[in-house]
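Here's the letter readout for the chains.
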Amino acid sequence: MNSPVRAFKAVHQLPMVAAYGVADQIFDVDDNAYIDYCGSWGALIHGHAHPAILNAVQKRISLGTSFGITTSIEGELAKKVIELIPSIEKIRFVSSGTEATMSAVRLARGFTGKDIIIKFSGNYHGHADFFLIKAGSAVLELAQSSSAGIPADIVKHSVSLPYNDIELCRSILNDIQFRDRIAAVIVEPVAGNMGVVPATLPFLKMLREETLRMGSLLIFDEVITGFRVGLGGAQELYGITPDLTCLGKIIGGGFPAAAFGGREAIMNCLAPLGAVFQAGTLSGNPVAMEAGLQALHLIQEPNFYRELERKTEIITRPVKEYLLKNRIDACIQQVGSMFTLFFGSTRVSDLESAQKLNLERFAQFFRYLFERGVYIPPAQHEAWFVSNVHTEAHLEKTRDTILDFLRL
Ligand SMILES: Cc1ncc(COP(=O)(O)O)c(C=O)c1O
């Protein structure tokens, strides 16, 4: 495995080995077909091997795959992102979400001259050392509060607070011990890494107010939500303007690309203009930029997000109704085309409630779906993603298979 959750440990079965993907399906090396709701962890909003992305990428590849020199396609994608997300006045491309969040935090520290970084338990921002404190995603699945191999001296500048807990967070942010030392608060505005757990609007408003008051930066980690929950991401949905935004997944159109960006005055602190160092051999790689640009063209088609949500609801609406009607101890939490079916709770609002879920029931559920040709993320604390190439027949088959399991 080149990333831990792919081991399928949480669902107690051997991992799948993928051979190829077509639209909304993955075919494994034994040629079994699966309707795919993982979508490369949210990157594939247009499904596998989308012809428009492939054609453009093939042309781009024939021009050379990497230069280590600026190419004009980087400017084109930058312009497109800035047009869609107005809080981003300047942007820098990197190759993974981890690089984006890690660099955004360094920039925030460089800009503010402060050290402490605040994150929220159950949010995942990639695997930089200073984030791996009570982090979500695979770290949560492995039931570790942090990773081995991280010096205590590094973690001591990070604080993890309970998600959605307005009063507690406000009081800690105002604690005399921290108040003047906080460089940034980083948050997933819709958490996707303990399953889908949206932040409440008052919680995000409080973070915006407090960071402004303290002279620290608010960083939205929109690696999942960027271009997923709407053209302008979660910040548009909630109407809150962060200082910096991290993007990944969809922005690379299925290739390794990510980005961070925000207010020009902050971004100008990056080298070469400023003193905060950040660099990458393959940053802004033209093939990945081309794929990302095509992906962003496609999401601008009329009614794209309305249609995506309509498709998602083919599954979620009847399942939600069934759960409620039959008083089953489970729930679906959904924002647009991302959702999670949680077993063992009717509401998950933070890491504490996410840790009380029925993981064995989820493992049975995963295997039931898998045996019937439906592939969902192989862990309870993950988001499912619907693409705009999911067919109604596949969505209906998925819905019926879920309902069959619930009726057992
Ligand atoms: C919200 C969020 N931030 C950051 C990351 C890290 O991105 P990457 O896996 O590309 O390093 C992820 C990955 O899933 C994520 O979901």
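Keep in mind that what you see is a predicted model, and the values were worked out from it rather than measured.

Conventions adopted
- Residues numbered from 1 in each chain as written.
- Predicted model: local features only at pLDDT ≥ 70, side-chain atom pairs only at ≥ 80, totals over all residues.
- Heavy atoms only, no water.
- Pairing = 2+ DSSP bridges.
- Helix = DSSP H or I, 4+ residues; strand = E, 2+ residues; numbered from the N terminus.
- Contact = heavy atoms within 4.5 Å.
- Axes fitted to C-alpha atoms, helices over the stretch in contact; angles between N-to-C directions.
- Buried < 20%, exposed > 50% of the residue type's maximum accessible area, 1.4 Å probe, protein only.
- Expected span 1.5 Å × (residues − 1).
- Near = heavy atom within 4 Å.
- Polar contact = N/O pair within 3.5 Å; in protein donor to acceptor, adjacent residues only side chain to side chain.
- Areas by Shrake-Rupley, 256 points an atom, 1.4 Å probe, with all protein chains shown as cover.
- Nonpolar A, V, L, I, M, F, W, Y, C, P; charged D, E, K, R; others polar.
- Salt bridge = Lys/Arg side-chain N within 4 Å of Asp/Glu carboxyl O.

**Concerning the sheet that holds strand β3 (residues 33–36)**
Strand pairing in a sheet relies on backbone hydrogen bonds, with the paired strands running either antiparallel or parallel.
Right, on to step 1. Sheet architecture is open: four strands sit in the order β1-β2-β3-β15, paired in mixed fashion. Looking at which strands have only one partner, the edges of the open sheet turn out to be β1 (18–22) and β15 (374–375).
Right, on to step 2. Sheet strands touched by helix α15 (residues 392–407): β2 (25–28), β3 and β15. Its angle to β3, the strand with the most contacts, is close to 90°.

**A look at the environment of S72**
Right, on to step 1. Here S72 shows up in helix α3 (residues 72–84).
Right, on to step 2. Classification of S72 by relative accessible area gives exposed; the value is 59%.
Right, on to step 3. Sequence-wise, S72 and M289 are 217 residues apart; in three dimensions their C-alpha atoms are separated by 9.8 Å.

**What to know about helix α4 (residues 97–112)**
Right, on to step 1. Between its terminal C-alpha atoms α4 stretches 22 Å, which fits the 22 Å expected from 16 residues at 1.5 Å a residue.
Right, on to step 2. Along α4, the residues classified as buried are T98, E99, A100, T101, S103, A104, V105, L107, A108 and T112.
Right, on to step 3. Positioned one or two residues after α4, G113 has a phi angle of 70°, which is positive.

**Thoughts on the site of the ligand**
Right, on to step 1. Around the ligand, the surrounding shell consists of S96, G97, T98, Y124, H125, G126, E188, N193, D221, V223, I224 and K249.
Right, on to step 2. Contact between the ligand and Y124: a nitrogen atom at 3.4 Å from a main-chain N or O atom of the residue.
Right, on to step 3. At a separation of 3.0 Å, an oxygen atom of the ligand approaches a polar side-chain atom of N193.
Right, on to step 4. Bound to the protein, the ligand loses 80% of the 390 Å² it would expose on its own.
Right, on to step 5. Classifying every residue of the shell around the ligand by side-chain character gives three nonpolar, six polar and three charged.

**A few points about the pattern of salt bridges**
Right, on to step 1. What the rule picks out here adds up to 15 salt bridges.
Right, on to step 2. The partner of E210 in a salt bridge is R170, with the nearest N and O atoms 2.8 Å apart. Of this pair, E210 sits in helix α8 (residues 201–214) while R170 is found in helix α7 (residues 166–173), placing the two residues 40 residues apart along the sequence.
Right, on to step 3. Residue E210 is classed as buried on the basis of its relative accessible area of 2%.
Right, on to step 4. Residue classification places R170 among the partly exposed residues on the basis of a relative accessible area of 26%.
Right, on to step 5. R263 is the salt-bridge partner of D243, the closest N and O atoms lying 2.7 Å from each other. Highlighted residues: D243 in the loop between α9 (233–238) and β11 (244–247) and R263 in the loop between β12 (258–262) and α10 (264–267), separated in sequence by 20 residues.
Right, on to step 6. The exposure class of R263 is partly exposed, given its relative accessible area of 32%.
Right, on to step 7. It is possible to trace a salt-bridge network through shared partners that takes in R170, E209, E210 and R213.

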